[in-house]
2 protein chains.
Amino acid sequence: METHELLSELTRLLGADAVASGESINPDDLHDESLHQRSVTPLAVLRPRSTADVQAIARFASQHGLALTPRGSGTGLSGGATPVNGGLVVSFSKMNHVLSIDEGDHVAVVQPGITLRELDEALKGHGLRYPVYPGELSGSLGGNVNTNAGGMRAVRHGVTRQHILGLEMVLMDGTVVRSGGPVVKSSSGYDLTQLVVGSEGTLALVTEVTLKLSPQLEHAATVLAPFSSVQEVTTVVPRIVSSGLEPAILEYLDVLTMASVTNAAGLELGVDAAVAQQTLAYLIIVLETRTQAQLEGDIEALGELLDGAGALDVYVLPSHSATALIEARERAFWNAKAAGAHEIIDVVVPRSKVPNFIERAQEMALAHESFLVGCGHVGDGNVHFSLYQPDDERRAALLHELFAYAVSLGGAISGEHGIGMDKQADFLALSDPLLIDLQRQIKKVFDPRGLLNPYRLLDERPSP
Amino acid sequence: METHELLSELTRLLGADAVASGESINPDDLHDESLHQRSVTPLAVLRPRSTADVQAIARFASQHGLALTPRGSGTGLSGGATPVNGGLVVSFSKMNHVLSIDEGDHVAVVQPGITLRELDEALKGHGLRYPVYPGELSGSLGGNVNTNAGGMRAVRHGVTRQHILGLEMVLMDGTVVRSGGPVVKSSSGYDLTQLVVGSEGTLALVTEVTLKLSPQLEHAATVLAPFSSVQEVTTVVPRIVSSGLEPAILEYLDVLTMASVTNAAGLELGVDAAVAQQTLAYLIIVLETRTQAQLEGDIEALGELLDGAGALDVYVLPSHSATALIEARERAFWNAKAAGAHEIIDVVVPRSKVPNFIERAQEMALAHESFLVGCGHVGDGNVHFSLYQPDDERRAALLHELFAYAVSLGGAISGEHGIGMDKQADFLALSDPLLIDLQRQIKKVFDPRGLLNPYRLLDERPSP
């Protein structure tokens, strides 16, 4: 079938306003936020309004052997949802509704195109929240599901995976299946929900998500502790986790990241000048409690723990500074991008191995005449580095060493960003081939012809 | 190959002490705790000592086309791990070691045959615990992984699934794969760990489990609240969950279950006689906190909440009574079994639907001249009923109605016991055939010939 025939057929199926092609494609729909942009020209960008639309799209793509790339709001960082030349893009931007919020069950059912900001707004007034904050409120729920997004609050609440109770999904043959449901436990067959979470859009088109919500805790405090070394910061972390204080956020920033974060936001944290001079790293701890009395007790206990662990000082931030700092930290990626970082990584290692990893990583960077600046969800062992090395080969060599070292410590290449296209080569090289083979066979069960989000994660064919 | 040749080959592979057959089989290895016993004669019961032994067994079973049934300590309740006539049983009783405990990472690596009691003992002195208590401390970790066991503490800590970070597993072709690892998050490929958790031994032979542990909280209180109806109890539950008190246990017992539990344990809870006369149901709430001050504040807040919700009284139990009550509650199944219950069910429904489910279930039981007595992990919507109805057909009809109603409410047939053989027919009848087909295709990826734990869950062939 000719291109124009394919497009008319799509228009007939979905309506003219749901089909963009050629010049009418919004350039924003052609990339994600990966630092490695690829110039691509898909056949069309489609905007379904319903599950039935998505079924029609899947059938059409299968019938014509077209690549199909599902897409949320394009905030991914690893080329996991970028279009394919000549393929179809399914943008879920019009499937962004809250279908239900249940205050008794702490469950919401939403469409995948809803952004975290829209969800947050919708939950206000219900005393509930979706506690996963991957740091980019414009990110879509569907994207979060498919990358198993994490973020600063995962240390207490867990990552996306732990909050997805059920999915409706369209398979490539156009059928719809529903897995899980509004219950927090089930031992009734294989958990296909958990299989699809983190599958980077390669198994099924998620059309509805059942979320587990949490009660909103009313009292919160943000504590800032400067240390004279990154190692001291990361060494205190396991002690905080063991204390039972259950921090909502446990984040480290090296001094350069903190400077870029506070400068970009025009933020003054009131750290004593003499202290600031000795500081090489900061720990940010957010405590959340049910009562003010508990909050005060917890702050005191945390302060003692930090004092005893070598903190240069302990600051309880005023709430406006605290909010500004957390928001500014969430924009650390944009600062790194603006500063010209060549790569962003988010390896995960066992929490207690973070000091080893950071120390060794800096040595590796030095050997490759490269520069690493970082912060991280250190309670989870999730280390974020911005890597500065313009030479592609040297950068690739350093990245491979960093990934290999993380894997050798029992960790993984990506804690929350996903593999996508950017990390595929290292992922495949560093994984057990048997494990990859099992995953590829599972992929075949869902998508025998390899049309759904091809050329990334497990699929090493070169993209056309 | 003749039987005696098969047995000599197994003896040659594993050593004589690892192979039991005929009269030398321990009868305890031939059943689980399901109320429906099947008389079976496996070819042999094997006790591997290592992953290499398990690989040899898998290769042997594949080579000779023999059914292979993995088995923990046989405490399952649904015929999920019972042997097959002429097949091989793999008992993990000798693979019961703790391989490592990491206090900084809150991670333990254990073999699947370890019991929860042995694990609990091993963790003492490390300030850590594995917080999933499915109520039977003689149960094995491997069994817990394969049924995705839950229990009373799941309301706060989650079920087994949320505590399994990684697995080593042997596939039916004898290969070994490792999924996950000692990290709490990863977005690096499909999560095969989560796929195998809850798969009832049908996908792979789990040979090593990496567990997420929690810090031990030092202060605890057990609160008992009698109510004049089950509905009142179940209606207050969503309010407690919303309060942010995060109870470790939130359990309801109807008055008959409470009587059988306290009588069996010779327990006197000190409930006022006038109150006891009006009581039809009890709520047990366990609070756990980091400090005594927080505990006292939480008890007060909980008391006010219960008072306002119609509790006839509120008792904070002395610690010896509290421990005895929780232990006695964990033995409720044995009391029901001793009392001649004909079936045990553990349906799960959305938390707010528990009152509807219980009320309707009692009407259904009445219509079938049957008797339901119950308790449940009501914070999770997990309702446990003992069903008394000696007639097989009537019982089957009632069970199907109960399961269908739970599913219609958005729930599932089993919240934690699994499907096994006992609930297979209802599970297959009430599931979306497309979802079953997907699961069967996944099963084929792992076990193309259907030799691993056959004739249950998805496999409806009649057992030989």
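What you are looking at is a predicted structure, and each value in this text was computed from that prediction instead of being measured.

**Structural notes on the overall build of chain A**
Inference 1: Counting secondary structure elements, chain A contains 16 helices and 18 strands.
Inference 2: C-alpha atoms of chain A, sized along the principal axes, occupy 70 × 55 × 40 Å.
Inference 3: Looking at chain A as a whole, 62% of its 464 residues qualify as buried.
Inference 4: The contacts in chain A between residues at least 6 apart in sequence include a share of 75% that link residues at least 24 apart.
Inference 5: Summed over all atoms, the accessible surface of chain A reaches about 16500 Å², with 51% contributed by carbon and sulfur.
Inference 6: With 33 positive and 56 negative side-chain charges, chain A shows a spacing of 5 Å between the two charge centroids.

**A look at the domain arrangement of chain A**
Residues and elements named next belong to chain A.
Inference 1: By the assigned domains, chain A splits into domain 1 (3-93), domain 2 (98-215), domain 3 (219-326) and domain 4 (334-419).
Inference 2: Just the C-alpha atoms count here: the centres of domain 3 and domain 4 sit 23 Å apart.
Inference 3: Contact residues are listed per partner, giving 18 residues for domain 3 and 17 residues for domain 4.
Inference 4: Carbon and sulfur atoms supply 62% of the area buried between domain 3 and domain 4, which totals about 1400 Å² over both sides.
Inference 5: The three residues of domain 3 that bury the most area against domain 4 are Gln-231, Thr-234 and Tyr-252, which together make up 37% of that side's buried surface.
Inference 6: Counting the contacts that link domain 3 with domain 4 gives zero salt bridges.
Inference 7: Scanning the region where domain 3 abuts domain 4 turns up six residue pairs in polar contact (both at pLDDT 80 or more).
Inference 8: Secondary structure elements with two or more residues in the side of domain 3 that touches domain 4: α7 (230-242), β13 (249-254) and α8 (255-265).

**Brief notes about the interface of chain B and chain A**
Frequently, the measure chosen for interface size is the accessible area removed from exposure when the parts meet.
Inference 1: Contact residues are listed per partner, giving 85 residues for chain B and 85 residues for chain A.
Inference 2: Between chain B and chain A, the buried area comes to about 6200 Å², and carbon and sulfur atoms account for 58% of it.
Inference 3: Between chain B and chain A we count 10 salt bridges in total.
Inference 4: Glu-416 of chain A is the salt-bridge partner of Lys-185 of chain B, the closest N and O atoms lying 2.7 Å from each other.
Inference 5: Put simply, chain B and chain A have 35 residue pairs in polar contact (both at pLDDT 80 or more) between them.
Inference 6: Mapped onto the side of chain B that touches chain A, the elements with two or more residues apiece are α5 (154-157), β9 (176-180), α6 (192-196), α7 (230-242), α10 (292-308) and α16 (433-446) of chain B.
Inference 7: Of the residues forming the side of chain B that touches chain A, the biggest block, nine residues, is contributed by α16 of chain B.
Inference 8: Taken together, the residues of the side of chain B that touches chain A sort by class into 33 nonpolar, 34 polar and 18 charged.

**As for the pattern of salt bridges**
Inference 1: Tallied over the full model, the rule gives 48 salt bridges over all chains.
Inference 2: Where salt bridges share partners, they join Asp-17, Arg-49 and Lys-94 of chain A into one cluster.

**Comments concerning the packing of helix α16 (residues 433-446) of chain A against α16 of chain B**
Inference 1: Taken N-terminus to C-terminus, the directions of α16 of chain A and α16 of chain B make an angle of 150°; their axes are 10 Å apart at the nearest point. Relative to α16 of chain B, α16 of chain A is oriented roughly antiparallel. In this structure, α16 of chain A crosses over α16 of chain B, and the sense of that crossing is right-handed. Two secondary-structure elements touch here, α16 of chain A through Leu-438, Gln-441, Ile-442, Val-445 and Phe-446 of chain A and α16 of chain B through Leu-438, Gln-441, Ile-442, Val-445 and Phe-446 of chain B.
Inference 2: Of the residues belonging to the contact of α16 of chain A with α16 of chain B, the class tally is eight nonpolar, two polar and no charged.

**A word on the sheet that holds strand β8 (residues 164-170) of chain B**
Residues and elements named next belong to chain B.
Inference 1: As summarised here, the arrangement of the five strands in space is β5-β6-β10-β8-β9, forming an open sheet in which the pairing is antiparallel. With partners counted over all chains shown, the strands left at the sheet margins are β5 (98-102) and β9, one partner each. For this sheet, the mean inter-axis angle between neighbouring strands, taken without regard to orientation, is 10°.

**Some remarks on the relation of the copies chain B and chain A**
Inference 1: Overlay of chain B on chain A (RMSD 0.0 Å): rotation 180°, translation along the axis 0.0 Å. Both copies of the chain, as the preceding transformation shows, are related through a two-fold rotation axis.
Inference 2: Here 100% of the contact residues of chain B are again contact residues in chain A; the copies associate through an equivalent surface.

**A word on the packing of aromatic side chains**
Inference 1: In the structure shown here, the tally under the stated rule is eight aromatic pairs over all chains.
Inference 2: Between the aromatic rings of Phe-333 of chain B and Trp-334 of chain B, the centroid separation amounts to 5.0 Å while the plane-to-plane angle is 70°, which identifies the pairing as edge-to-face.
Inference 3: Ring plane angle 50° and centroid distance 6.1 Å describe the contact between Phe-371 of chain B and Tyr-388 of chain B, whose orientation is recorded as tilted. Of the two residues, Phe-371 of chain B sits in strand β17 (residues 371-377) while Tyr-388 of chain B sits in strand β18 (residues 382-388), which places them 17 residues apart along the sequence.
Inference 4: Phe-371 of chain B sits in the partly exposed class, given a relative accessible area of 44%.
Inference 5: Assessed through its relative accessible area of 19%, Tyr-388 of chain B is described here as buried.
Inference 6: An aromatic cluster is built from Phe-357, Phe-385 and Tyr-405 of chain A, whose rings are joined through pairwise contacts.
Inference 7: Here the basic side chain of Arg-360 of chain A rests over the ring of Tyr-405 of chain A, its NZ or CZ set 5.2 Å away from the ring centre.
Inference 8: The residue whose ring lies beneath Arg-153 of chain B is Tyr-133 of chain B, and the NZ or CZ to ring-centre distance is 5.0 Å.

**Here we look at unusual backbone geometry**
Inference 1: The residue His-106 of chain A is not glycine, and still its phi comes out positive at about 60°.
Inference 2: Looking at where His-106 of chain A falls in the secondary structure, it is placed in the loop between β5 (98-102) and β6 (107-110).
Inference 3: At Glu-200 of chain B, a residue that is not glycine, the phi angle is positive and equals roughly 55°.
Inference 4: With respect to the element layout, Glu-200 of chain B can be found in the loop between α6 and β10 (205-212).
Inference 5: The buried category is assigned to Glu-200 of chain B, whose relative accessible area is 4%.

**So, the sheet that holds strand β15 (residues 315-316) of chain B**
All names here are of chain B.
Inference 1: Taken in spatial order, the seven strands make up an open sheet running β15-β12-β14-β13-β17-β18-β16, and their pairing is antiparallel. The open sheet has two free edges, formed respectively by β15 and β16 (343-345), since each of these has just one partner strand.
Inference 2: As paired elements, β16 and β18 share three bridges and run antiparallel to each other. By the bridge assignment, Glu-343 is partnered in β18 with Leu-387.
Inference 3: Lying on the sheet, helix α13 (residues 354-367) is in contact with β13 (249-254), β17 and β18; it crosses β18 at an angle near 10°.

**Some thoughts on the pairing of β18 of chain B**
Residue and element names in this part refer to chain B.
Inference 1: Most of β18 sits out of view: seven of its seven residues are buried.
Inference 2: Because side chains alternate across β18, one face comprises the buried residues Asn-382, His-384, Ser-386 and Tyr-388, and the other comprises Val-383, Phe-385 and Leu-387, equally buried.
Inference 3: In terms of strand pairing, β17 meets β18 through seven bridges, oriented antiparallel. Bridge pairing in β18 places Val-373 opposite Ser-386.
Inference 4: Two successive antiparallel strands, β17 and β18, enclose a turn made up of four residues, where Gly-381 displays a positive phi of approximately 75°.

**Considerations on empty space enclosed by the protein**
Inference 1: Considering all chains together, one arrives at six cavities of 30 Å³ or more under this definition.
Inference 2: In this model, the largest cavity occupies a volume close to 230 Å³.
Inference 3: As for the largest cavity, its lining consists of 20 residues, of which Glu-246 and Gln-294 of chain A together with Arg-156, Glu-246 and Gln-294 of chain B are closest to the centre.
Inference 4: If you list the elements that add at least two residues to the lining of the largest cavity, you get β14 (281-289) and α10 (292-308) of chain A together with β14 (281-289) and α10 of chain B.
Inference 5: Of the residues belonging to the lining of the largest cavity, the class tally is four nonpolar, six polar and 10 charged.

About the thresholds
- Residues numbered from 1 in each chain as written.
- Chains lettered and ligands numbered in written order.
- Predicted model: local features only at pLDDT ≥ 70, side-chain atom pairs only at ≥ 80, totals over all residues.
- Heavy atoms only, no water.
- Helix = DSSP H or I, 4+ residues; strand = E, 2+ residues; numbered from the N terminus.
- Buried < 20%, exposed > 50% of the residue type's maximum accessible area, 1.4 Å probe, protein only.
- Contact = heavy atoms within 4.5 Å.
- Areas by Shrake-Rupley, 256 points an atom, 1.4 Å probe, with all protein chains shown as cover.
- Lys, Arg positive; Asp, Glu negative; His and termini not counted.
- Charge placed at Lys NZ, Arg CZ, Asp CG, Glu CD.
- Domains from an automatic or database assignment.
- Buried area = accessible area lost by both parts, 1.4 Å probe.
- Salt bridge = Lys/Arg side-chain N within 4 Å of Asp/Glu carboxyl O.
- Polar contact = N/O pair within 3.5 Å; in protein donor to acceptor, adjacent residues only side chain to side chain.
- Nonpolar A, V, L, I, M, F, W, Y, C, P; charged D, E, K, R; others polar.
- Axes fitted to C-alpha atoms, helices over the stretch in contact; angles between N-to-C directions.
- Parallel < 35°, antiparallel > 145°, perpendicular 65-115°, else oblique.
- Left-handed = near helix turned anticlockwise from the far one by under 90°.
- Pairing = 2+ DSSP bridges.
- Least-squares fit on C-alpha atoms with pLDDT ≥ 70 in both.
- Phe/Tyr/Trp six-rings, centres within 6.5 Å; stacked < 30°, edge-to-face > 60°.
- Lys NZ or Arg CZ within 6 Å of the ring centre and 35° of its normal.
- 1 Å grid on protein atoms, 1.4 Å probe; cavity = no way out; pocket = protein on both sides within 12 Å on 5 of 7 lines; lining within 4 Å.
- Points joined across faces, edges and corners; volume = space filled by probe spheres on them.

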